[in-house]
Structure formats: C-alpha cells, structure tokens
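The chain contents come next:
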Amino acid sequence: GEVVEIKIDSPATTGSAAKTGKVTLKTTEMETIYDLGQKMIESLQKEKVQAGDVIAIDKASGRISKLGRSFARSRDYDAMGPATKFVQCPEGELQKRKEVVHVVTLHEIDVINSRSQGFLALFAGDTGEIRSEVREQIDGKVAEWREEGKADIVPGVLFIDEVHMLDIECFSFLNRALENDLAPIVVVATNRGITKIRGTNYKSPHGIPIDLLDRLLIIQTKPYSEEELRLIIDIRCEEEDVEMSDDAKELLTKIGTETSLRYAMQLITSSYLIAKRRKAAEVDIEDVSKSYSLFVDVKRSTQFLIEYQDQYMFNEIKASEVQPMES
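Now for a look at the structure at hand.

What counts, and at which threshold
Residues numbered from 1 in each chain as written. Predicted model: local features only at pLDDT ≥ 70, side-chain atom pairs only at ≥ 80, totals over all residues. Heavy atoms only, no water. Pairing = 2+ DSSP bridges. Helix = DSSP H or I, 4+ residues; strand = E, 2+ residues; numbered from the N terminus. Buried < 20%, exposed > 50% of the residue type's maximum accessible area, 1.4 Å probe, protein only. Contact = heavy atoms within 4.5 Å. Patch = residues over 30% accessible without salt bridge, like charges linked within 9 Å, V, L, I, M, F, W, Y side chains within 5 Å. Areas by Shrake-Rupley, 256 points an atom, 1.4 Å probe, with all protein chains shown as cover. Salt bridge = Lys/Arg side-chain N within 4 Å of Asp/Glu carboxyl O. Lys, Arg positive; Asp, Glu negative; His and termini not counted. Charge placed at Lys NZ, Arg CZ, Asp CG, Glu CD.

It is worth spelling out the pairing of strand E5 (residues 64–70) at this point. Sheet topology places strand E4 (residues 53–57) next to E5; five bridges connect them, and they run antiparallel. Bridged to Asp53 within E5 is Arg69. By the bridge criterion, two bridges tie E5 to strand E6 (residues 86–87) in an arrangement that is parallel. Residue pairing for E6: Ser70 is matched across the bridge by Val87.

Encoded structure:
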C-alpha cells in the first residue's frame, strides 16, 4: 500500500529497550495502522521508506519492496532524481494473497533431496551420484503435484546436431528415454543420406535406425533462393559492421548461388580487409573479385588437385578415374 505516516519511538538510553513504531498504509479503499517490530523498523530504514512511497511487504519473510512513489506526492518537491518512479495508489484490500511461481529443474530437485547439504549442494558443484530410488520418489511427488494443480511440467529441448555420429547403443538409449512421460522434446539434425548405422553393418536413411525414425517428424529442407541469399548477406554485413555497395552484394549473391553460402559469407570479412587496405569507405566489386581470386572454393580446389595431382607427393586417384568436372 501507500505509506501515509511512519512513527518510530527510540529509547532514551542506548540498549535499554528495542525500538517500536507504527506505520499507516492505505489503498484507494481502506487505511490501516500496523505496529512495527525491531526487524521491520530496520528494514524500513534500510530501504529509506518515507511517507508517499508505495511498498509491498512479504508477510512470511518480512521483506520490504519499494515499488515507487505515489502520483499524489509527485508535486512535493520541485526536482526529482532520474531514478524516481511514480506509481498509482494500489486498489482493493491491503492484505492480498500472492501466488509465487518457482522454476526448477528435476535435476535440481534430485540434487537437493539426494545430498545432506540440501539446497547448498547446488552451489557446491559436487552433486555425486543420485540413486534411482531418489529419482523415482521425486518423479512420483512431481506427478502428484501435477495432478493437484500445484505444478506444471515444462518439457525441455534436447538438440543433437550431426546425429549420424551416434552409435547403435546411443540410439537404443534415446528410444527408451523418449518413452518416459518427462522426456524432453528431441530435435536432431543430419546431412547424411542412406548410410551405415555407426556400430553396425546395416544401412539406413540418415544413418538412424528405422524404429527411431518412426518416432520422428522429418522436416524437409530446400536450397535458398537468390532473394533469400541476398537477405542473409545483408544481415551478415550489418552484423559485422561492413559497408558494402549493392553491386558487391549482388556479386556475393551470385557467388553464393554457384558455390555455397558459407563461402560467400567468408568473403565478406576478407573483402572488407582488402577495402580497408586501400582506405575505401565501403566494399566494392573489385574488393570482392580480388578476394574471390585469392581464396578458392571447394569446387575450384578440387579441380586444381585433379589437374596437378601428379605434382603432389601422395595421390590415390589414378588418371583413368578422373572425371571432368562442370565449370
């Protein structure tokens, strides 16, 4: 509520008695006087609460939060500090029930209940081994809270890139873990076609076992269009603080279409350094062209290796196996 008046009675001699006091709080509908104890007086003095402030008091912990200054007291002083915040006088009753939501992970609950230090075990770092009995008890308790409406389960997200690198045992573990009610949302990514499942001699799409693929929703990806490539290059130039002409961006877009987007994005920094060397305000076509001639892409590098394979110390491709590449 809004503080109307604070009265603090200090004893005449130091240490003879504790401080006592009263505070008057009001809302738009009611006004009440509360007696203050020693700790509450210290909290008020620490927060520098005065008449006209809007405060909130946690009854359980006794913590005082200063919400701001009442609009009714905005003209008390000619000048206010920049940190002064004005709020409306609260409405309704002075005492309200407030619902507090705590966000914790199941692992944190397991750690708190498995170690003798309790909550402090989270800060110690050494969580140790959590017994399966503790996990089962926590899962049962969380399920009970969920049924009573005291808790909501927010599933996490597990992202696995290059999922084809996992072996058959890891896939078996994932299959079993996904059947759990508290399992997170699993997102996997791969760029492999039909290849061997690691740890076996069997081939499968994307190198993932068929039974796990049946559990997944497969998202099809498509190559970027020229308009999308240009937009990505614009965003990348902005992120790297590189001023580039439209003609240079068009050339980079063409390079990205013929080679790869990664190669085109790498040329942004090298072209910027070339332009900076000649003290130019922005990157132009000649800078991109020079960077393109200095740093080759995968196709040109492969073609170079095929043409001059005889001049290298080791070469595993025979001349009869060389196939002409498209320019």
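Let us now look at the environment of Tyr272. Looking at where Tyr272 falls in the secondary structure, it is placed in helix H9 (residues 261–277). For Tyr272, a relative accessible area of 32% puts it in the partly exposed group. Sequence-wise, Tyr272 and Asp241 are 31 residues apart; in three dimensions their C-alpha atoms are separated by 9.7 Å. Apart from residues no more than four positions distant in its own chain, Tyr272 is found in contact with Val242 and Val283.

Moving on: a negative patch on the surface. Together, Glu238, Glu239, Asp241, Glu243, Asp247, Glu282 and Asp284 make up a region of like negative charge exposed at the surface. Turning to its location among the elements, Glu239 is positioned in helix H7 (residues 226–239). Take Glu239: its relative accessible area is 63%, and that puts it in the exposed class.

Here we come to the pattern of salt bridges. Here the structure, examined in full by the defined rule, presents 12 salt bridges. The network of salt bridges with shared partners includes Arg230, Asp234, Asp246, Lys249 and Glu250.

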